[in-house]
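Here's the letter readout for the chains.
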Amino acid sequence: MFQRDQNSNLFLGGERNSGQDVRASNVLAAASIANIVKSSLGPVGLDKMLVDEIGDVTITNDGATILQLLEVEHPAGKVLVELAQQQDREVGDGTTSVVIIAAELLKRANELVKNRIHPTTIITGYRLASKEACRFIANEMACKVDTLGKECLINAAKTSMSSKLIGSDSKFFANLAVEAILAVKSTNPRGETKYPVKAVNILKAHGKSGLESQFVRGYALNCTVASQAMKKRVVNAKIACLDMNLQKTRMHLGVNIVVDDPNKLEDIRKREIEITTERIKKILDTGANVILTTKGIDDLCLKLFVEAGAMAVRRCLKEDLKRIAKATGATLISSLANLEGEETFESGYLGHAEEVVQERISDDECILVKGTKIQNSASIILRGANDYMLEEMERSLHDSLSVVKRTLESNSVVPGGGAVEAALSIYLENFATSLGSREQLAIAEFANALLVIPKTLAVNAAKDSTELVAKLRAYHNTAMNAGNDERKRALKWSGLELINGVVRNNLEAGVLEPTMSKIKSLKSATEAAIAILRIDDFIKVAPEQRGNPEDDGHGH
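These lines cover the structure that appears in this document, whether it is placed above or below. (Residues numbered from 1 in each chain as written. Predicted model: local features only at pLDDT ≥ 70, side-chain atom pairs only at ≥ 80, totals over all residues. Heavy atoms only, no water.)

The next subject is the packing of helix H6 (residues 151–161) against helix H11 (residues 387–410). In contact at an axis separation of 9 Å, H6 and H11 are set at 145 degrees when each is read in the N-to-C sense. For the pair H6 and H11, the crossing hand works out as right-handed. On H11, the residues touching Cys152, Leu153, Ala156, Ala157, Ser160 and Met161 of H6 are Leu397, Asp399, Ser400, Val403, Val404, Thr407 and Leu408. Its residues assigned to classes, the contact of H6 with H11 shows nine nonpolar, three polar and one charged. (Axes fitted to C-alpha atoms, helices over the stretch in contact; angles between N-to-C directions. Helix = DSSP H or I, 4+ residues; strand = E, 2+ residues; numbered from the N terminus. Left-handed = near helix turned anticlockwise from the far one by under 90°. Contact = heavy atoms within 4.5 Å. Nonpolar A, V, L, I, M, F, W, Y, C, P; charged D, E, K, R; others polar.)

Right, dumping it as structure tokens:
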């Protein structure tokens, strides 16, 4: 009598699933998404080729990019896709592992629910475990950057590149990334040191090999000066950033002028020309000697710039201009009209840079803005065989830049290669046995779930995962119970070395990741798993049927 009505969907214009069915389908969705990215984890992970509906091909190893291009229908699956994107935004690296951990946590939780343990208990256990894990990483596993020196930054960048396309040349690219991030160092008014990744502009040029890529101090624009008669180099540049047309003004469509005297026609033409020349004079009168615009400049107006000895560049990308405006302190102007309706241009709108110069880099001419006043900027010019390679190199480099930035800002790193996960699994198992409440089971499962990372790493490397993970755990167990024996305590830095399939000290081998990346990914994975675990009812409202089923609503 009190049993839930099986046909409860009679009241709803749709369908309703509840209880175990929903959990099973959510876990299945999460597991299938994790399986897609699983094989791309680690230094021997493989790439994925994705073709969208238009036929554009993307070849990538980056978890967030893969998931973004998949059109996931399942609501629980979408949670994981967003999780990867959030990790990409906040840390920039570790997107694959975050999805794998979240899916594994869900799978384990589902097993516990089948064994009649209430989801709330599991959630409490997971929360507790996640808190303990973060505390343990920060206190026990983290290592200050200062004690390891600059080498540490390069190693962190190398680690993040190891699984990518540019992994074979990681030494060269790691130096590029570290140099670029150190070049854009800036201090904000509160005295904090920031390293904005956005200030590093990445340009892609076809041809040559990846090792011909170069780092350029200054902001590189993929444009050339508008006329050959202009200067190619301006020192002490005052830069005007415009988002408007500097072409002969034409009447707007639909404007009718009735002219009764043919001479008036000439006057109209003259005035059309004058409108633009007046604008240009206003800009040049403020002392601007470099003019960048997103729209066109026609020959008539170029003459004015050439006479004034200014450098004008047309058809720049708006994105680039926004960044240049930020770096030089300029204001991006889309119209000269002020509040009174008159056209003015003030010198306050100008940005300043030490020099703007057009240089030939590889086969293309580029414009470099050097010595920007407000924020330092740097550019990396990537070379590669084709678009797919360049796109993937850019993504990999972006990950490495983010990792170097996080390492510099948080100032601490942890050993990679499954070291943190193995240490946590041992620690949390011991922690679980010390609890007398029913959360004990959930924490023990959390501890086991973390082992999915070293296991996947070993499987991808075609090594025997059971044996390697058992060995790794034995090392970490010894380190936990070492007491004062320094030699044994050093075993806590042990991680996997996947080329030869052995366990080694990853701190000395230079396999490092920013601590923040690990802590963030654990927290986010736990939160996502909890969010999906809390769901026990799934109601899908059927779309409303209007009138004739064959009618497509367009009256065809």
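Strand order in this open sheet of three strands is S7-S16-S8, and the pairing throughout is mixed. Each of the sheet's edge strands pairs with one partner strand only, and the pair in question is strand S7 (200–206) and strand S8 (214–217). Along the sheet, successive strands turn relative to each other by an average axial angle of 25 degrees, direction set aside. Pairing analysis gives four bridges linking S8 to strand S16 (residues 378–384), with the strands arranged antiparallel. Note on S16: the bridge partner recorded for Gln214 is Ile381. (Pairing = 2+ DSSP bridges.)

Quick look at unusual backbone geometry now. Within the chain, Asn236 stands out as a residue other than glycine whose phi angle is a positive 50 degrees. Within the secondary structure, Asn236 is located in strand S10 (residues 233–242). Positive phi values are uncommon outside glycine, yet Asn411 reaches one of about 65 degrees. With respect to the element layout, Asn411 can be found in the loop between H11 and strand S17 (412–415). Overall, the relative accessible area of 24% leaves Asn411 in the partly exposed class. (Buried < 20%, exposed > 50% of the residue type's maximum accessible area, 1.4 Å probe, protein only.)

For the structure on display, the rule yields five aromatic pairs. Plain terms: the ring middles of Phe136 and Tyr427 are 4.4 Å apart, the flat faces sit at 15 degrees to each other, and that makes the pair stacked. Here Tyr427 lies in helix H12 (residues 419–433) and Phe136 lies in helix H5 (residues 119–141), a separation of 291 residues in the sequence. Note on accessibility: Phe136 and Tyr427 belong to one class, buried. On the basis of an interplanar angle of 70 degrees and a centroid distance of 5.4 Å, the ring pair of Phe345 and Tyr349 is categorised as edge-to-face. What makes Tyr349 partly exposed here is its relative accessible area of 26%. Taken together through their ring pairs, the aromatic side chains of Phe136, Tyr427 and Phe431 make up a single cluster. (Phe/Tyr/Trp six-rings, centres within 6.5 Å; stacked < 30°, edge-to-face > 60°.)

Going through the model one piece at a time under the given rule, you end up with 28 salt bridges. For Asp243, the salt bridge is made with Lys318, and the minimal N-O distance between the two is 3.1 Å. Of the two residues, Asp243 sits in the loop between S10 and helix H8 (262–285) while Lys318 sits in helix H10 (residues 318–328), which places them 75 residues apart along the sequence. A residue is classified by how much of its surface remains accessible, and Asp243, at 13% relative accessible area, is buried. In this structure Lys318 comes out as partly exposed when scored by relative accessible area, which is 40%. Of the charged contacts in the structure, one is a salt bridge between Glu409 and Arg406, with a shortest N-O distance of 3.8 Å. Placement of both Glu409 and Arg406 in helix H11 is noted, with a separation of three residues, approximately one turn of the helix. For Glu409, a relative accessible area of 29% corresponds to the partly exposed category. Within the structure, one salt-bridge network assembled from shared partners comprises Glu104, Lys107, Arg108 and Glu445. (Salt bridge = Lys/Arg side-chain N within 4 Å of Asp/Glu carboxyl O.)

In terms of strand pairing, strand S18 (residues 494–497) meets strand S19 (residues 502–505) through four bridges, oriented antiparallel. Its bridge partner lying in S19, Gly495 is registered against Arg504. Counted along the chain from S18 to the antiparallel partner S19, the turn is four residues long, and its residue Gly501 has a positive phi close to 70 degrees.

Tracing the chain through its elements places Cys152 in helix H6. Through-space distance from the C-alpha of Cys152 to that of Val511 is 9.1 Å; in sequence the pair is 359 residues apart. Excluding residues that lie within four positions of it along the chain, Cys152 makes contacts with Val145, Thr407, Val413 and Leu512.

We now examine the packing of helix H1 (residues 20–38) against helix H3 (residues 75–90). Contact geometry of H1 with H3 gives a least axis separation of 8 Å together with a crossing angle of 40 degrees. By the angle between their directions, the pair H1 and H3 is classed as oblique. For the pair H1 and H3, the sense of crossing is right-handed. Contact residues: Asn26, Ala29, Ala30 and Ile33 in H1; Ala76, Gly77, Leu80 and Val81 in H3. Across the contact of H1 with H3, the residue classes tally to six nonpolar, two polar and no charged. (Parallel < 35°, antiparallel > 145°, perpendicular 65-115°, else oblique.)

Burial along strand S2 (residues 48–51) is one-sided: the residues Lys48 and Leu50 are buried and none of Met49 and Val51 is. When S2 meets strand S3 (residues 57–60), the two strands line up antiparallel, connected through four bridges. Counted as the bridge partner of Met49 is Ile59 from S3. Hairpin connection from S2 to S3: five residues lie between these consecutive antiparallel strands, with Gly55 at a positive phi of about 105 degrees.

Further remarks concern H6. Burial within H6 is extensive, with nine of its eleven residues counted as buried. When we look at burial in H6, the residues that qualify are Cys152, Leu153, Ile154, Asn155, Ala156, Ala157, Thr159, Ser160 and Met161. Tucked inside the fold, the buried residues of H6 contact helix H7 (170–183), H11, S17 and strand S20 (512–514).

Okay, the nonpolar core next. Counting residues in each nonpolar core, the largest one holds 69 residues, and the members touching the most others are Val99, Ile122, Tyr126, Leu424, Leu428 and Phe446. With eleven residues, helix H4 (residues 95–114) is the single largest residue contributor to this core. When near neighbours in sequence (up to four residues on either side) are disregarded, Phe446 contacts Leu105, Tyr126, Ala129, Ser130, Leu428, Leu522 and Thr526. Formed by 43 residues, the second largest nonpolar core is a distinct cluster that contains Tyr219, Ile297, Leu304 and Ala312. (Core = buried A, V, L, I, M, F, W, Y, C linked by side-chain atoms within 4.5 Å.)

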